[in-house]
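Secondary and tertiary structure notes
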Amino acid sequence: MSHSAVSQAAAVSVSIGNERSLTRSVFKHNNSLSFNSKPWSSSLALTQKTSTIRDAKRYSNTTICMSVQQASSSKVNVSPIELEDPTDPPLNLYKPKDSYTAKIVSVERVVGPKAPGETCHIVIDHDGNLPYWEGQSYGVIPPGENPKKPGAPHNVRLYSIASTRYGDFFDGKTASLCVRRAVYYDPETGKEDPSKNGVCSNFLCDSKPGDKIQITGPSGKVMLLPENDPNATHIMIATGTGVAPYRGYLRRLFMENVPNYKFGGLAWLFLGVANTDSLLYDDEFSKYLKDHPDNFRFDKALSREEKNKKGGKMYVQDKIEEYSDEIFKLLDNGAHIYFCGLKGMMPGIQDTLKRVAEERGESWDAKLSQLRKNKQWHVEVY
């Protein structure tokens, strides 16, 4: 499993789950949005036309720290609560040929100096006009023209959203992305070749507050957080920026005072990164661990700092193997399991799960088929 700067960009470059089946969206971006015939109140932020960056205090550079501090004493109140009303997720409100113009609020480096590569937390102001659910993705169209199609815009890059539907300011007007800058180094010279760097990830990481950004979506149903059972178990497995949707899940479960949804189950996060400096949102996750020890577990796999039981590098599948018996029992009892990150993570994880299943006298193929049938298996890789 590589932690190279090139391969760990957060853009999803493959179709996700049944993405093609989602094009039947009934949504139009006008003054009467509906979620599968459920009308939105015209007073909701969706149709507000107020100024985008209206309050300098609201858009301070303390986005992440502020959120944690606000939640230090009790859960944070969120608004507008009408965002809880629709029974179906918003899908494809804006298409590539008719994208939404949002604005950058802040760009913050969120890894330490010893992390390989740079990862940024990017807050985007959509002014309530591009609602989404936890686990969905936005498409980003970087400025400029497509080198393969002169005169045409760049292709859309998909990024998992790293915030809840209420955003980092809990007001339903922003969304956050977790983006690793994709940089290419020539193998012969060892020098960076800007001509081959990731177009969209570098655009996002270089953005400044107030910059305009073209957004499409939201898209995706595969990674939605099932909330029909507030006592369910959610096992979340990520490499690098694949932690983005789980940050949204966990803020919803533990940070926000969400009306009519009180989580009493277990959320268990496995995060694989290169080293301690590469850990993402560690302050938030560590706080949940402290405040909700009965409902949250957090296991890290640091490939450049830890060894697995065979003496090799510690990858996320090695950490999963350590707890395999417990994980299998939880799955047998209906737990949901999620995978998000580099597509290269899946073969190793699948091999580990298959080996563990066989050691337990089970058929992994049959078990996987049953998990999929029960909608317990959620995968989004890029």
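Residues numbered from 1 in each chain as written. Predicted model: local features only at pLDDT ≥ 70, side-chain atom pairs only at ≥ 80, totals over all residues. Heavy atoms only, no water.

Cis geometry is found at the peptide bond from serine 79 to proline 80, where omega equals -5 degrees. Mapping proline 80 onto the fold places it in the loop between β4 (76–77) and β5 (100–109). The omega torsion of the bond from glycine 217 to proline 218 falls at 0 degrees, within 30 degrees of zero and hence cis. As for its position among the elements, proline 218 is in strand β10 (residues 212–219). Located in the positive-phi region is asparagine 92, a residue other than glycine, with phi close to 50 degrees. With respect to the helices and strands, the residue asparagine 92 is situated in the loop between β4 and β5. (Helix = DSSP H or I, 4+ residues; strand = E, 2+ residues; numbered from the N terminus.)

A few words now on helix α8 (residues 364–373). Buried within α8 are the following residues: Trp364, Lys367, Leu368 and Leu371. Within α8, the buried residues cover an arc of 100 degrees as seen down the axis, which keeps them to one side. Turned more than 90 degrees off the buried face of α8, the exposed positions are Asp365 and Lys373. Where the residues of α8 are buried, they touch α6 (324–332), α7 (345–359) and β16 (377–381). (Buried < 20%, exposed > 50% of the residue type's maximum accessible area, 1.4 Å probe, protein only. Arc of directions from axis to C-beta. Contact = heavy atoms within 4.5 Å.)

Turning to the UniProt feature "binding site: NADP(+)" (unreviewed entry) in the protein, a few remarks are in order. As recorded in UniProt, the feature "binding site: NADP(+)" (unreviewed entry) lies at Ser160, Arg180, Thr241, Ser303, Arg304, Lys313, Gly341, Leu342 and Glu380. Along the chain, arginine 180 turns up in strand β9 (residues 174–180). Of note is the side chain of arginine 180, whose polar atom sits 2.8 Å from the backbone oxygen of proline 116. Take leucine 342: it is sitting in the loop between β15 (336–341) and α7. Under the relative-accessibility criterion, leucine 342 is labelled buried at 7%. (UniProt positions renumbered as here; feature names shortened; annotations may be inferred. Polar contact = N/O pair within 3.5 Å; in protein donor to acceptor, adjacent residues only side chain to side chain.)

Think of it this way: side chains of opposite charge can pair up when their charged atoms draw near. Applying the stated criterion across every chain yields a total of 23 salt bridges. A salt bridge links arginine 181 to glutamate 118; its shortest N-O distance comes to 2.8 Å. Here the residue arginine 181 occupies a position in the loop between β9 and α2 (199–206), and glutamate 118 occupies one in the loop between β5 and β6 (119–125), the gap between them amounting to 63 residues. A salt bridge links lysine 319 to glutamate 322; the nearest nitrogen and oxygen atoms lie 3.8 Å apart. With lysine 319 and glutamate 322 both in helix α5 (residues 316–322), this residue pair falls three residues apart, about one helical turn. (Salt bridge = Lys/Arg side-chain N within 4 Å of Asp/Glu carboxyl O.)

What follows covers the confidence of the model for the protein. For the protein, per-residue confidence averages 83 on the pLDDT scale, and residues scoring 70 or more make up 80% of the total. Note on residues 1–72: pLDDT is under 50 here. Beyond four places in sequence and across chains, it has 173 contacts. (pLDDT = per-residue confidence, 0-100.)

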